[in-house]
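Chain residues, written in single-letter form:
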Amino acid sequence: MSGTTEDTPYAATRAPQPAGEGTRAVHAGLPESEPYAPPMPGPVLTSHFHLPGDPADAPYTYGRDGNPTWTALERAIGELEAPGEDVEVLAFSSGMAAISAVLLSRVHPGDTVVLPDDGYNLLGPLGEQLTAQGAHVRRVPTHGPELLAAVEGAALVWLETPSNPGLDVCDLREVVEAAHRAGALVAVDNTLATPLGQRPLELGADYSVASGTKALNGHGDVLLGYVACRGGELAAPVRRWRKLVGAVPGPMEAWLAHRSLATLHLRVARQQENALALARELHDWPEVSVVRYPGLPEDPSHEVAARQMRRYGCVVSFTLPDLGFAERLLGAARIVESATSFGGVRTTAERRGRWGGDDVPDGFVRLSAGVEDAADLIADLRQARDSAREG
Ligand SMILES: *Cc1c(COP(=O)(O)O)cnc(C)c1O
């Protein structure tokens with residue numbers, strides 16, 4: 001196993017785990033203070049390390065296997081995903097690299113795997129890849145009774161809650177219990193919630209997997225992914241896959257993501273506040289047929305979400321009358337930027353139907369609340385709506 005030793009010059013010493021999550025986020029993965037050393041060591045930009053003699057016990061050897069900058073980030077994420085526990089975290093070059101690593105290393109020919117049919121749009125092609133490799137793929141909605149029935153005979157159950165972009169939620173404890181009873185592993189895509197919004201490992205999941213590209217990094221300048229799990233046995237096949245495929249993050253990306261964790265609690269709190277304010281605003285518009293936000297008390301997901309989520313995230317989805325209205329509104333917005341992805345400090349929105357991969361109406365918009373002032377965002381959406389009404 002690479003990157004876990006304490007005695008290298010760059011090794012982060014595990015700091016005491018404070019109770020407050022803000023304090024924990026600010027200090028996550030950082031070394032103990034040492035006179036004249038930087039509080040956060042810079043990115044270690046190297047492809048290889050000085051390596052005399054037998055490499056078996058070397059903490060770092062080659063840049064595809066480990067790097068002190070990853071180690072620090074992986075520890076930081078571990079401290080947030082499962083505070084006070086010793087979990088294994090593996091950083092990847094993107095969320096898809098992390099997702100593929102779990103699914104392709106843990107699902108074998110003849111195995112049955114359960115995938116949501118309303119989750120991230122690349123789960124479709126990934127399911128086709130698994131089928132081509134001899135697996136049986138069951139695709140079921142995140143919300144509803146099919147999911148519980150589908151776990152029977154499965155080797156692995158993949159969950160995405162809240163789902164992107166429909167924002168449905170499943171009861172993680174209930175599904176995990178049923179899946180484990182049936183002998184299946186459970187992996188949860190925790191991208192939307194972030195570890196400050198939901199801790200899948202504490203809710204019983206075997207793997208918590210996420211794209212760090214979104215709210216975790218939050219600045220829209222990095223692609224990154226990770227897998228968190230308890231124990232080397234669960235981590236080993238995923239680690240091997242990362243090495244074979246070489247889906248490793250650059251040290252600079254890992255460093256930028258780690259630096260961003262210091263503000264994660266501030267960002268997610270403000271984003272949640274803005275998302276709720278926008279969801280309430282959109283709820284009152286005559287043009288909007290459906291608004292979804294798990295933090296909205298009247299949302300169909302709210303009750304389950306409140307039981308397992310600590311925060312409800314930054315994504316709001318809503319349905320406008322048609323493609324034309326949605327495009328006119330998005331085109332007229334001045335603060336809300338038209339862009340894909342979500343979780344960043346700047347508010348963005350897009351008509352998901354433009355990609356063709358999600359089963360959504362033409363007027364369906366996914367909005368990601370940033371950290372601007374809610375009043376400005378509401379004013380911007382109102383002027384954009386008025387402009388869209390004029391045609
Ligand atoms: C964006 C996203 C991914 C993919 O992450 P990348 O970093 O873009 O590869 C996976 N799952 C969810 C829920 C996402 O939103």
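Residues numbered from 1 in each chain as written. Predicted model: local features only at pLDDT ≥ 70, side-chain atom pairs only at ≥ 80, totals over all residues. Heavy atoms only, no water.

Peer 1: Quick question: what am I supposed to make of the overall build of the protein here?
Peer 2: Across its full length, the protein carries 12 helices and 12 strands. Taking 21 Å as the expected radius of gyration for a compact globule of 391 residues, we find that the protein reaches 21 Å, a close match to that expectation. Principal axes of the C-alpha set define a box for the protein whose edges measure 75 × 55 × 35 Å. A buried classification covers 56% of the 391 residues belonging to the protein. In the protein, once contacts between residues fewer than 6 apart in sequence are set aside, the share between residues at least 24 apart is 69%. For the protein, the exposed surface amounts to about 16,200 Å²; the carbon and sulfur share of it is 53%. Taken together, the 34 basic and 51 acidic charged side chains of the protein have centroids lying 1 Å from each other. (Helix = DSSP H or I, 4+ residues; strand = E, 2+ residues; numbered from the N terminus. Rg over C-alpha atoms; globule rule 2.2 N^0.38 Å. Buried < 20%, exposed > 50% of the residue type's maximum accessible area, 1.4 Å probe, protein only. Contact = heavy atoms within 4.5 Å. Areas by Shrake-Rupley, 256 points an atom, 1.4 Å probe, with all protein chains shown as cover. Lys, Arg positive; Asp, Glu negative; His and termini not counted. Charge placed at Lys NZ, Arg CZ, Asp CG, Glu CD.)

Peer 1: Explanation requested: the sheet that holds strand S11 (residues 348-351) in the structure shown.
Peer 2: Strand pairing in a sheet relies on backbone hydrogen bonds, with the paired strands running either antiparallel or parallel. Across the sheet, five strands lie side by side as S8-S9-S12-S11-S10; this open sheet has mixed pairing. For this open sheet the edge positions go to strand S8 (290-292) and strand S10 (337-338), each flanked by a neighbour on one side alone. Pairing between S10 and S11: two bridges, direction parallel. Among the inter-strand pairings, Ser338 is bridged to a residue of S11, identified as Ala349. Lying over the sheet, helix H9 (residues 264-283) contacts S8, strand S9 (315-319) and strand S12 (364-368), oriented at roughly 10° with respect to S9. (Pairing = 2+ DSSP bridges. Axes fitted to C-alpha atoms, helices over the stretch in contact; angles between N-to-C directions.)

Peer 1: Hey, could you run me through the state of the cysteines in this one?
Peer 2: Note: disulfide means a covalent bond formed between the sulfur atoms of two cysteine side chains. Here the structure, examined in full by the defined rule, presents zero disulfides. Not part of a disulfide, Cys170 finds its nearest cysteine sulfur in Cys314, a span of 19 Å. With a relative accessible area of 5%, Cys170 lands in the buried category. Relative accessible area serves as the criterion here: at 3%, Cys314 is assigned to the buried category. (Disulfide = S-S within 2.5 Å.)

Peer 1: Looking at this model, I keep getting lost on the pairing of strand S3 (residues 136-140). Mind explaining?
Peer 2: Regular strands place their side chains on alternate faces of the sheet. Bridge analysis of strand S2 (residues 112-116) against S3 gives five bridges, and the strand direction is parallel. Of the residues in S3, the one forming a bridge with Pro116 is Val140. The β-α-β motif built from S2, the intervening helix H4 (residues 123-132) and the parallel element S3 has right-handed crossover chirality. (Right-handed = clockwise from strand over helix to strand, strands pointing away.)

Peer 1: I tried to follow the pairing of strand S7 (residues 225-229) on my own but got confused; where do I start?
Peer 2: S7 sits mainly inside the fold: five of its five residues count as buried. Where strand S1 (residues 88-92) meets S7, five bridges bridge the pair, whose relative direction is antiparallel. Looking across to S7, one finds that Ala91 is bridged to Tyr226. Both strand S6 (residues 207-211) and S7 contribute to a ladder of five bridges, which runs antiparallel.

Peer 1: Explain the site of the ligand to me, please; I cannot follow it from the model alone.
Peer 2: Near the ligand there are 14 residues, and of these Gly95, Asp189, Ser211, Thr213 and Lys214 occur at the shortest range. In this structure, an oxygen atom belonging to the ligand sits 2.8 Å away from a main-chain N or O atom of Gly95. Across the complex, the protein chains shield 94% of the 380 Å² of accessible surface that the ligand would expose by itself. When residues of the shell around the ligand are assigned to their parent elements, the largest contribution, three residues, is made by helix H3 (residues 95-106). Here the residues of the shell around the ligand sort into five nonpolar, six polar and three charged. (Near = heavy atom within 4 Å. Polar contact = N/O pair within 3.5 Å; in protein donor to acceptor, adjacent residues only side chain to side chain. Nonpolar A, V, L, I, M, F, W, Y, C, P; charged D, E, K, R; others polar.)

Peer 1: Hey, could you run me through the UniProt feature "modified residue: N6-(pyridoxal phosphate)lysine" (unreviewed entry) in the protein in this one?
Peer 2: With numbering aligned to this structure, UniProt lists the feature "modified residue: N6-(pyridoxal phosphate)lysine" (unreviewed entry) at Lys214. Tracing the backbone through its elements, the reader meets Lys214 in the loop between S6 and S7. The contacts of Lys214, once residues within four sequence positions are left out, are Tyr120, Thr191, Ser341, Phe342 and Gly343. (UniProt positions renumbered as here; feature names shortened; annotations may be inferred.)

Peer 1: Honestly, the pattern of salt bridges in this entry has me stumped. Any pointers?
Peer 2: Where charged atoms from two side chains of opposite charge come close, those side chains can pair. Counted by the stated rule, this structure contains 21 salt bridges. Across the salt bridge formed by Glu281 and Arg382, the nearest N and O atoms sit 2.8 Å from each other. Of this pair, Glu281 sits in helix H9 while Arg382 sits in helix H12 (residues 374-390); the two residues are 101 residues apart in sequence, bridging distant segments of the chain. Residue classification places Glu281 among the buried positions, given a relative accessible area of 9%. (Salt bridge = Lys/Arg side-chain N within 4 Å of Asp/Glu carboxyl O.)

Peer 1: Help me understand the sheet that holds strand S5 (residues 185-189), please; the structure alone is not making it clear to me.
Peer 2: The seven strands lie next to each other as S1-S7-S6-S5-S4-S2-S3, forming an open sheet whose pairing is mixed. Two strands lie at the open edges of the sheet, namely S1 and S3, each paired on one side alone. Here the strands of the sheet are splayed against their neighbours by 20° on average, with no regard to which way each runs. Lying over the sheet, H3 contacts S1, S2, strand S4 (156-160), S5, S6 and S7, oriented at roughly 145° with respect to S6.

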